[in-house]
Every structure is written in C-alpha cells, then in structure tokens.
Amino acid sequence: MITFERARQIALESIGPTWVTDECGEYVVADYGFQDDRAWCLVDGGRRLVFDGDCSCQLIGRGSTLVDKRTGEVTSLNYLEDPERFDATIQVGQHPPEDSVG
C-alpha cells in the first residue's frame, strides 16, 4: 500500500513539474489531508493557497488530487462529482483549526 508520505511525493513528482508558478507560488502538498479506503486526498496547490490560506489562489474548477493507495495513480475529482465519497473521508495528519471537520 502507498503511504500518505509516498502519496505526497508522487504528487510532487507528477504535478510539480507541470505547475505554472506565478504569483501564487510553487506547487506544494500539505503534510495533512484526507483518506478513504481507496485513496489519499491531498491538500495541494500554490504555496500561497496551501500555506498562507490565500483563497484568491484557488484555481476555479480544479478538483482535489487523489492518489490511489494501491497503485499510486494520481487522479483529480471534484466534490460535486461524488459528494458522498468526500463526506465519508477521514482526516490524516494535524489539520489547522480552520480545516477541521465535524
């Protein structure tokens, strides 16, 4: 099984090189996220969004980055495509208070 740390590295290696670094910064993956039985759901994007909370750097229409726990395949899924799946995820790592669920 792919660990959460390995999933973060896979995303950095696959998405990072294609990321357009602009005023929102380089591509980063937070050390916290979510999971279900199939995949890790990463908190990722430009540095200003992920680490500084600058919502103006949220890319409209960009889905959440999922890394398959079995294969390591990176996919993207929007909440509206499968809200039940997102609602059933559990937290991984130490989330900042504003990202807490429940």
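Just so we're clear, the structure is a prediction, and the values are computed from it rather than from any experiment. (Residues numbered from 1 in each chain as written. Predicted model: local features only at pLDDT ≥ 70, side-chain atom pairs only at ≥ 80, totals over all residues. Heavy atoms only, no water.)

K.L.:
When you look at the overall build of the protein chain in this model, what are you seeing that I'm missing?
P.N.:
Counting its secondary structure elements, the protein chain contains 3 helices and 5 strands. When the helices and strands of the protein chain are placed in sequence order, the string is α-β-β-α-β-β-α-β. The C-alpha radius of gyration of the protein chain comes to 13 Å, within 12% of the 13 Å expected for a compact globule of 102 residues. Within the protein chain, the proportion of its 102 residues that are buried is 41%. (Helix = DSSP H or I, 4+ residues; strand = E, 2+ residues; numbered from the N terminus. Rg over C-alpha atoms; globule rule 2.2 N^0.38 Å. Buried < 20%, exposed > 50% of the residue type's maximum accessible area, 1.4 Å probe, protein only.)

K.L.:
Help me understand helix α1 (residues 4-15) in this model?
P.N.:
For an α-helix, the turn length of 3.6 residues means that residues three or four places apart are oriented alike. Between the first and last C-alpha of α1 there are 16 Å, a value that for 12 residues agrees with the 16 Å anticipated at 1.5 Å per step. Buried within α1 are the following residues: Phe4, Ala7, Arg8, Ile10, Ala11 and Ile15. Seen end-on, α1 carries its buried residues on one side only, within an arc spanning 160°. Looking at the packing, one finds that the buried side of α1 touches β1 (27-35), β2 (39-46), β3 (64-68), β4 (74-77) and β5 (90-92). (Expected span 1.5 Å × (residues − 1). Arc of directions from axis to C-beta. Contact = heavy atoms within 4.5 Å.)

K.L.:
Please explain the layout of surface pockets as it appears in this structure.
P.N.:
The gaps left among the atoms become clear once a water-sized probe is rolled over them. Empty space within the largest pocket amounts to approximately 810 Å³. Lining the largest pocket are 34 residues, and of these Phe34, Leu42, Val43, Gln58 and Ser64 lie nearest its centre. For the lining of the largest pocket, the secondary-structure elements that each account for two or more residues are β1, β2, α2 (47-50), β3 and α3 (83-87). The element contributing the most residues to the lining of the largest pocket is β2, with 6 residues. Grouping the amino acids of the lining of the largest pocket by side-chain chemistry returns 18 nonpolar, 10 polar and 6 charged. (1 Å grid on protein atoms, 1.4 Å probe; cavity = no way out; pocket = protein on both sides within 12 Å on 5 of 7 lines; lining within 4 Å. Points joined across faces, edges and corners; volume = space filled by probe spheres on them. Nonpolar A, V, L, I, M, F, W, Y, C, P; charged D, E, K, R; others polar.)

K.L.:
Any chance you could explain the pairing of β2 here in plain terms?
P.N.:
Successive side chains on a regular strand alternate, one facing one side of the sheet and the next facing the other. In terms of burial, β2 is largely enclosed, as 7 of its 8 residues are buried. Here β1 runs beside β2; their pairing, made up of 6 bridges, is antiparallel. When the sheet's bridge partners are listed, Tyr27 is paired in β2 with Gly46. Two successive antiparallel strands, β1 and β2, enclose a turn made up of 3 residues. Examined bridge by bridge, β2 and β3 share 4 bridges and lie antiparallel to one another. The residue bridging Cys41 from the neighbouring strand is Leu66, located in β3. (Pairing = 2+ DSSP bridges.)

K.L.:
I keep staring at the state of the cysteines and nothing clicks. Help me out?
P.N.:
Enumeration over the complete set of coordinates arrives at 1 disulfide. With its sulfur 2.1 Å from that of its partner, Cys24 forms a disulfide with Cys57. Sign of the S-S torsion, about -85° for the bond between Cys24 and Cys57, identifies this disulfide as left-handed. Taken together, the residues Cys24 in the loop between α1 and β1 and Cys57 in the loop between α2 and β3 connect sequence positions 33 residues apart. Residues Cys24 and Cys57 agree in their burial class; the two are buried. Cys41 takes part in no disulfide bond, and the closest cysteine sulfur to it belongs to Cys55, at a distance of 16 Å. Cys57 supplies the cysteine sulfur nearest to Cys55, a cysteine that is in no disulfide, at a spacing of 9.1 Å. For Cys55, a relative accessible area of 63% gives the class exposed. (Disulfide = S-S within 2.5 Å.)

Distances and angles like these do not, on their own, reveal function.
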